[in-house]
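Structure assessment
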Amino acid sequence: MAAKEASFDVTSEINMEEVKNSIQIALKEIKNRFDFKGSIADIKLENNKLVVVAEDDYKIEQVKDVLFSKLVKREVPIKNIHFSTSEKALGGAARQYGDLISGIDRDNAKKINVAIKNSGIKVKSQIQEDQIRVTGKSRDDLQKVITLLRNLDLPVELQFTNFR
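Below or above, wherever it landed, is the structure these notes cover. Each chain has its residues counted from 1, following the order in which its sequence is written. This being a predicted model, a pLDDT of at least 70 is required before a residue's local features are given, and a value of 80 or more before pairs of side-chain atoms are given or counted; all residues contribute to the totals for chains, interfaces and linings. As a rule here, side-chain values come from all non-hydrogen atoms in the structure, and water together with hydrogens is ignored.

**Things to note about the overall build of the chain**
Comment: elements are numbered from the N terminus, with helices defined as DSSP H or I runs of at least four residues and strands as E runs of at least two. A tally of helices and strands in the chain yields four helices and nine strands. For the chain, the N- to C-terminal ordering of α and β elements is β-α-β-β-α-β-β-β-α-β-β-α-β. With respect to the principal axes defined by its C-alpha atoms, the chain has extents near 70 × 25 × 25 Å. A buried classification covers 40% of the 164 residues belonging to the chain. Any two residues having at least one pair of non-hydrogen atoms within 4.5 Å are treated as being in contact. Of the contacts made within the chain by residues no fewer than 6 positions apart, 61% connect residues no fewer than 24 positions apart. His residues and chain termini do not enter the charge count, which takes Lys and Arg as positive and Asp and Glu as negative. Positions of charges follow a simple convention, taking NZ of Lys, CZ of Arg, CG of Asp or CD of Glu. On the chain, the mean spot of the 28 positive side-chain charges and the mean spot of the 25 negative ones are 4 Å from each other. When a residue's accessible area, from a 1.4 Å probe over protein chains only, is under 20% of the maximum for its type it is buried; when over 50% it is exposed; and in between it is partly exposed.

Shown next, in the form of structure tokens:
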């Protein structure tokens, strides 16, 4: 009789409700901060993209810092937010767009699979749309894979779910 295989999924998701909550809290803080009194500072969500507007690039970075602190508190992976370079907005203000990346794209999924295969850990990994299923006979081996993947340098943050 074969041993039951254990498995987990590797995903990279952003909880949009938590993003919306973080924006509201960040805007409230910015409105009450002395260093933002009388200046342009706004954060919006448009078509699942963050839009940060401020009077200049320095203020944009300050607004993003406030937002990132709120996102981190709500466990939103800020590594999954990829900002464009700054551009001019109306009235001479600056604007930046932030893409919210959910799911693991093909290139990164391949990198993950190669890393798992090259590690020599006795597990199988398979790409399933925008996530990866890892299966193995030993839970210790699955833990080793998680440790391995946490140390990979990827442009998105990985989450490990559905342990069976």
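**As for the packing of aromatic side chains**
Note on ring pairs: Phe, Tyr and Trp rings are taken, using the six-membered ring of Trp, and paired if centres are within 6.5 Å. Classes follow the plane angle, with under 30 degrees stacked, over 60 edge-to-face and the rest tilted. Tallied over the full model, the rule gives three aromatic pairs. On the basis of an interplanar angle of 50° and a centroid distance of 6.1 Å, the ring pair of Phe68 and Phe83 is categorised as tilted. With a gap of 15 residues between them, Phe68 in helix H2 (residues 57-73) and Phe83 in strand S4 (residues 81-83) connect regions that are remote in the sequence. Judged by its relative accessible area of 21%, Phe83 is partly exposed. Here the aromatic residues Phe8, Phe160 and Phe163 are joined through ring pairs into a cluster of three or more. Positioned above the aromatic ring of Phe36 is the side chain of Lys59, whose terminal nitrogen or guanidinium carbon lies 5.1 Å from the ring centre. Whether a charge sits over a ring comes down to the Lys NZ or Arg CZ being within 6 Å of the ring centre and within 35 degrees of the ring normal. For Lys64, the ring lying beneath its charged end belongs to Phe83, and the centroid distance is 4.3 Å.

**Looking at the packing of helix H3 (residues 106-119) against helix H4 (residues 139-150)**
Running from N to C, H3 and H4 cross one another at 125°; their axes reach a closest spacing of 10 Å. Judged by the inter-axis angle, H3 sits oblique to H4. Both H3 and H4 take part in a crossing whose hand is right-handed. Seen from H3, the contacting residues are Ile112, Ala115, Ile116 and Ser119; seen from H4, they are Val145, Leu148 and Leu149. For the contact of H3 with H4, a count of residues per class yields six nonpolar, one polar and no charged. Note on method: axes are straight lines fitted to C-alpha atoms, helices fitted across the in-contact stretch only, with angles between N-to-C directions ranging 0 to 180 degrees. Note on terminology: angles under 35 degrees are roughly parallel, angles over 145 are roughly antiparallel, angles of 65 to 115 are roughly perpendicular, and the others are oblique. Handedness of each helix crossing follows the sense of rotation of the near helix against the far helix: counterclockwise by less than a right angle gives left-handed, clockwise gives right-handed. Residue polarity follows a fixed list, in which Ala, Val, Leu, Ile, Met, Phe, Trp, Tyr, Cys and Pro are nonpolar, Asp, Glu, Lys and Arg are charged, and the others, Gly among them, are polar.

**A word on unusual backbone geometry**
Although it is not a glycine, Glu75 adopts a positive phi angle of roughly 60°. Position of Glu75 among the secondary structure elements: in the loop between H2 and S4. At Asn162, a residue that is not glycine, the phi angle is positive and equals roughly 55°. One can find Asn162 in the segment after strand S9 (159-161). Assessed through its relative accessible area of 42%, Asn162 is described here as partly exposed.

**Some points on the sheet that holds strand S7 (residues 123-128)**
Pairing is antiparallel across the open sheet formed by four strands, whose spatial order is S7-S8-S1-S9. Across the chains shown, the open sheet's two edge strands, defined by having one partner strand only, are S7 and S9. The average undirected angle you get between the axes of adjacent strands in this sheet is 25°. At least two DSSP bridges between two strands are needed for those strands to be called paired. In the sheet, S7 pairs with strand S8 (residues 131-136) via six bridges, with the strands oriented antiparallel. Counted as the bridge partner of Gln126 is Arg133 from S8. Helix-sheet contacts for H3 involve S7 and S8, and the interaxial angle to S7 is about 175°. Those strands touched by H4 are strand S1 (6-11), S7, S8 and S9, and its axis lies near 15° from that of S1.

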